Amino acid sequence: MDTIDRQIINQLQNAFPICDRPYQVMAESFGISEQELIERIEQMLEQKQLSRFGPMYHAERMGGGLSLCAMRLPDDQFDRVCEQVNSFPEVAHNYARDHKFNMWFVLATETPERIEEVLQEIEAVTGYPVYNMPKKEEFFIGLKFEL
Amino acid sequence: MVLNEIDCRLIAEIQGGLPISNHPYAEVGERIGLSEEEVIERIEQMQESGIIKRMGIIVRHHELGYNANAMVVWDVPDEQIDEIGDKLGSQDCITLCYQRPRRLPDWPYNLFCMIHGKEKERVLEYIDNLVERLDLGHIPHKALFSGRRFKQRGAKYQ
């Protein structure tokens, strides 16, 4: 990864032009050709430094549900419960964290009502309570990594 | 903005990523029966109305060396939440900042922010520095570092 790759990542996390030749427009700002930009992005996708290149949707505004959920699990139950939780297609990501609340996952559902249903299904299958912590207010959403 | 059937097809078509080619929007349009101009117009509308938060690159932070990812949670008195939320949300290094409900008695924290760093030690130093600089010594907080990651994908839309 060189300086231009870093510039591409820093710049393209913020904005991507919506016009007929967006890669051309971006490439000009980096002083490279459209073809070179395309090749660099493809390579970073291939090497899995980028997960994808496209839109980030606002789940609630699309009519869907979104929530952060936590569980407090005994160590010897963690792997079993983890497998059960991850088998729900509504679980978008799931992280272990170093706290007595040791499992944290995000639910993304097609309707807001579905959140509560999935929570109950997870509780029924795993036998442990799920703590639902949906967003109440957003102070910042600039998820961005400077390289 | 109310989404119609075409919008939903467009959303589903580009959720996995935009084509990486000379005319990406024309290519998308071809697949779902829209012209390039129509695709551009609809995407612009979805951005304006906030359905698309942003368009661009989504990085894999682990693969870029950001392995110390802390969810820092704070137990903020309700009447101070806006003030402290705005303060924390405007700091460099803080990538998300949300108010969430407490789950008493087990979970007292109501403000969550994410800090991504390359090393745990540095992230902890940064948090200490933040507490001092923003005068947050009286606000109980905890940093929960992520361990294993089991799933990372965006939400999927049909």
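None of the values given here were measured: they were computed from a predicted structure.

Calculation notes
Residues numbered from 1 in each chain as written. Chains lettered and ligands numbered in written order. Predicted model: local features only at pLDDT ≥ 70, side-chain atom pairs only at ≥ 80, totals over all residues. Heavy atoms only, no water. Disulfide = S-S within 2.5 Å. Buried < 20%, exposed > 50% of the residue type's maximum accessible area, 1.4 Å probe, protein only. Contact = heavy atoms within 4.5 Å. Buried area = accessible area lost by both parts, 1.4 Å probe. Salt bridge = Lys/Arg side-chain N within 4 Å of Asp/Glu carboxyl O. Polar contact = N/O pair within 3.5 Å; in protein donor to acceptor, adjacent residues only side chain to side chain. Helix = DSSP H or I, 4+ residues; strand = E, 2+ residues; numbered from the N terminus. Nonpolar A, V, L, I, M, F, W, Y, C, P; charged D, E, K, R; others polar. Domains from an automatic or database assignment. Patch = residues over 30% accessible without salt bridge, like charges linked within 9 Å, V, L, I, M, F, W, Y side chains within 5 Å. Areas by Shrake-Rupley, 256 points an atom, 1.4 Å probe, with all protein chains shown as cover. Lys, Arg positive; Asp, Glu negative; His and termini not counted. Charge placed at Lys NZ, Arg CZ, Asp CG, Glu CD. Axes fitted to C-alpha atoms, helices over the stretch in contact; angles between N-to-C directions. Parallel < 35°, antiparallel > 145°, perpendicular 65-115°, else oblique. Left-handed = near helix turned anticlockwise from the far one by under 90°. pLDDT = per-residue confidence, 0-100. Expected span 1.5 Å × (residues − 1). Arc of directions from axis to C-beta.

1. A word on the state of the cysteines
Taken as a whole and judged by the stated rule, the model has 0 disulfides over all chains. A:C69 forms no disulfide, and the closest cysteine sulfur to it belongs to A:C82, at a distance of 14 Å. Judged by relative accessible area, A:C69 falls into the buried class, the value being 0%. With no disulfide of its own, B:C97 lies closest to B:C113 among cysteine sulfurs, the gap being 5.0 Å. The class of B:C97 is buried, set by a relative accessible area of 0%.

2. Brief notes about the interface of chain A and chain B
On the side of chain B, 76 residues touch chain A, which itself brings 73 residues to the contact. A combined buried area of about 7,200 Å² lies between chain A and chain B, and 60% of that area is made up of carbon and sulfur atoms. Applying the counting rule to chain A against chain B returns 3 salt bridges. Residue A:D79 pairs with B:R148 through a salt bridge whose shortest N-O separation is 3.3 Å. Along the contact surface separating chain A from chain B lie 28 residue pairs in polar contact (both at pLDDT 80 or more). Tallying contributions element by element places strand β1 (residues 50-57) of chain A first for the side of chain A that touches chain B, with 8 residues. Considered class by class, the residues forming the side of chain A that touches chain B number 42 nonpolar, 12 polar and 19 charged.

3. Focus on the domain arrangement of chain A
Along its sequence, chain A is carved into domain 1 (3-46) and domain 2 (65-133). For domain 1 of chain A versus domain 2 of chain A, the separation of C-alpha centres amounts to 37 Å.

4. A few points about the domain arrangement of chain B
Taken as a whole, chain B is organised into domain 1 (5-48) and domain 2 (68-145). The C-alpha-based centres of domain 1 of chain B and domain 2 of chain B are spaced at 38 Å.

5. Some thoughts on the environment of A:A124
Residues and elements named next belong to chain A. As for its placement among the helices and strands, A124 is situated in helix α5 (residues 112-126). Here A124 falls in the exposed class, since its relative accessible area comes to 66%. Distance from A124 to C82, taken between C-alpha atoms, is 14 Å for residues 42 residues apart in sequence.

6. Notes on the pattern of salt bridges
One side chain can pair with another of opposite charge once the charged atoms of both are near each other. Enumeration over the complete set of coordinates arrives at 18 salt bridges over all chains. Salt-bridge contacts for B:K120 lead to A:D98; the nearest nitrogen and oxygen are separated by 3.8 Å. Taken together, the positions of B:K120 in helix α5 (residues 120-133) and A:D98 in the loop between β3 (91-97) and β4 (103-109) put the pair across two chains. Across the pair B:R122 and B:E125 runs a salt bridge whose closest N-O atoms are separated by 3.9 Å. Placement of the pair is B:R122 and B:E125 together in helix α5, with a separation of 3 residues, close to one helical turn.

7. Overview of a negative patch on the surface
There is a patch of like negative charges on the surface, built from A:D20, B:E37, B:E38, B:E41, B:E44 and B:E48. Looking at the element boundaries, B:E38 is found in helix α3 (residues 36-48).

8. Some details on the packing of helix α1 (residues 5-14) of chain B against helix α2 (residues 24-32) of chain B
Residue and element names in this part refer to chain B. The contact between α1 and α2 brings their axes to 10 Å, and the two run at 125°. The angle between α1 and α2 falls in the class oblique. Between α1 and α2 lies a crossing whose hand is right-handed. For the pair α1 and α2, the contacting residues are R9, L10, E13 and I14 in the first and V28, R31 and I32 in the second. Its residues placed into classes, the contact of α1 with α2 shows 4 nonpolar, no polar and 3 charged.

9. Notes on unusual backbone geometry
A cis geometry characterises the amide bond from B:L104 onward to B:P105, with omega recorded as 5°. Despite not being glycine, A:K48 shows a phi value in the positive range, around 65°. Mapping A:K48 onto the fold places it in the loop between α3 (34-46) and β1. Non-glycine residue B:D135 carries a positive phi angle of around 60°. With respect to the secondary-structure elements, B:D135 resides in the loop between α5 and β5 (141-152). Of the residues examined, B:D135 reaches a relative accessible area of 58% and is grouped as exposed.

10. Concerning the confidence of the model for chain B
Any region with low pLDDT has predicted coordinates that should not be read closely. Here chain B averages 90 in pLDDT, and 95% of its residues register 70 or above. Here strand β1 (residues 52-59) of chain B stands out as the element of chain B with the lowest mean pLDDT, 83, in contrast to α2(B), whose mean of 96 is the highest.

11. Some thoughts on helix α4 (residues 75-86) of chain A
Residue and element names in this part refer to chain A. When the terminal C-alpha atoms of α4 are compared, their 17 Å separation across 12 residues agrees well with the 16 Å that a helix rising 1.5 Å per residue should span. If you check which residues of α4 are buried, you get F78, V81, C82, V85 and N86. Viewed along the axis of α4, the buried residues span an arc of 120°, placing them on a single side of the element. Projecting away from the buried face of α4 at angles above 90 degrees are the exposed residues D76 and E83.

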